[in-house]
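A structural walkthrough
Listed here are the chains, written in short residue letters.
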Amino acid sequence: MPGKLLVFEGVEGCGKSTQLPILQATLLKHRAFQRLQEQHAVSGLLTTREPGGTELGLGLRHLLLGYQGRAAMASRAELLLYAADRAQHVEEVIKPALAEGCWVLCDRFIDSTVAYQGYGRGLDLDLIDQLNRVATGGLVPDLTLWLQLDAEVGLARTQQRGGADRMEQADLSFHQRVQGGFAALAAQHRERIVAIDAAAGVEAVAREIFAVVEGYLQQWYAPNLMT
Ligand code: TMP
């Protein structure tokens, strides 16, 4: 049985990178998930991220987030670098893992490109959809957890951490457009995008995420879990 692709999305500071390992640990301790592994219905659990889920991707991440050249990075160049990272990531990591029955928990995926390069930078949304299809070969997440948070609140959280990267340095209106992009995507893809209230505390957000994932798990594996 092929695995499942679960993606975390959201604006800067929404808490994805905190919540992803919490979900991983909770799933590994969860009786139903353990049973699925014993039955070989699920082969394992892998966590990864974009950009930077491969060796090539780490180089691209460094460029994308750390570039400080004299000329600003052109939006189309930025778009193509994110797409290159994704193409390598899907080919090298995600597809093989799904093929062997693994659950893949991924920090950002196709919706980030629509939100950031489409709504944020203003690039053509059809072009981005085409490019996403080229990069993924048509692979779409089984479930996308959108950690919904005001851009202003998220940016304030990242400022507390210090050392803002190239994307975080963009102005508030850019990040507000990104947030609007995620909202538009969630309205468009209700079949796979679930909004989570990320303004709550870490434990409350983790509980909400797990309740959603557990619901999907029961639905996807109902025949396995009934035996
Ligand atoms: P993060 O992984 O720490 O969230 O940083 C990744 C940054 O890259 C974040 O600012 C969002 C941005 N990004 C895009 O602009 N487009 C994309 O397609 C992806 C995957 C990320």
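Anything mentioned here points back to the structure above.
Residues in contact with the ligand amount to 14 residues; listed here are only the nearest, Glu12, Tyr82, Arg108, Thr113 and Gln117. Here Tyr82 contributes a side-chain N or O atom positioned 2.7 Å from an oxygen atom of the ligand. A distance of 2.8 Å separates a nitrogen atom of the ligand from a polar side-chain atom of Gln117. Notes on the ligand: free accessible area 480 Å², of which the protein chains cover 94%. Taken together, the elements giving at least two residues each to the shell around the ligand come down to α3 (55-66), α4 (75-99) and α5 (110-120). Among the elements that line the shell around the ligand, the one with the most residues is α5, at four residues. In terms of residue class, the shell around the ligand is built from five nonpolar, three polar and six charged.

Counting across every chain of the model gives seven salt bridges. As a salt-bridge pair, Arg31 and Glu38 come within 3.4 Å of each other at their nearest N and O atoms. Glu78 is the salt-bridge partner of Arg121, the closest N and O atoms lying 2.9 Å from each other. One end of the pair, Arg121, is in the loop between α5 and α6 (125-136); the other, Glu78, is in helix α4, and 43 residues separate them in sequence.

A separate point is the packing of aromatic side chains. The description of an aromatic ring pair uses the distance of the two centres, along with the angle that the planes make with each other. As enumerated under the stated definition, the model contains six aromatic pairs in all. Plain terms: the ring middles of Tyr116 and Phe182 are 6.3 Å apart, the flat faces sit at 80 degrees to each other, and that makes the pair edge-to-face. Residue Tyr116 is located in helix α5, and its partner Phe182 is located in helix α8 (residues 172-188); the two are separated by 66 residues in the primary sequence. Grouping aromatic residues by their ring pairs yields a cluster made of Phe33, Trp103, Tyr216, Trp220 and Tyr221.

Here we come to the nonpolar core. Residues Leu23, Leu27, Trp103, Leu145, Ile209, Val213 and Leu217 are the most contacted members of the largest nonpolar core, which totals 52 residues. Here this core gets seven residues from one element, more than from any other, and that element is helix α9 (residues 202-220). Sequence-distant contacts of Ile209, defined by excluding residues within four places in its chain, comprise Phe8, Gln19, Leu23, Leu145, Leu147 and Ile196. In terms of nonpolar packing, the next biggest core, distinct from the first, is built from 12 residues, Val7, Ala97, Cys106 and Ile110 among them.

The buried count for strand β3 (residues 102-107) comes to six of six residues, which makes it a mostly enclosed element. Both faces of β3 are covered, namely the face carrying Cys102, Val104 and Cys106 and the face carrying Trp103, Leu105 and Asp107. As paired elements, strand β1 (residues 4-9) and β3 share five bridges and run parallel to each other. Along β3, the bridge assignment pairs Leu5 with Val104. Of the pairings in the sheet, the one linking strand β2 (residues 44-49) to β3 comprises six bridges and is parallel in character. In the sheet register, Thr47 faces β3, and the bridge partner there is Leu105.

Rules used throughout
Residues numbered from 1 in each chain as written. Predicted model: local features only at pLDDT ≥ 70, side-chain atom pairs only at ≥ 80, totals over all residues. Heavy atoms only, no water. Near = heavy atom within 4 Å. Polar contact = N/O pair within 3.5 Å; in protein donor to acceptor, adjacent residues only side chain to side chain. Areas by Shrake-Rupley, 256 points an atom, 1.4 Å probe, with all protein chains shown as cover. Helix = DSSP H or I, 4+ residues; strand = E, 2+ residues; numbered from the N terminus. Nonpolar A, V, L, I, M, F, W, Y, C, P; charged D, E, K, R; others polar. Salt bridge = Lys/Arg side-chain N within 4 Å of Asp/Glu carboxyl O. Phe/Tyr/Trp six-rings, centres within 6.5 Å; stacked < 30°, edge-to-face > 60°. Core = buried A, V, L, I, M, F, W, Y, C linked by side-chain atoms within 4.5 Å. Buried < 20%, exposed > 50% of the residue type's maximum accessible area, 1.4 Å probe, protein only. Contact = heavy atoms within 4.5 Å. Pairing = 2+ DSSP bridges.

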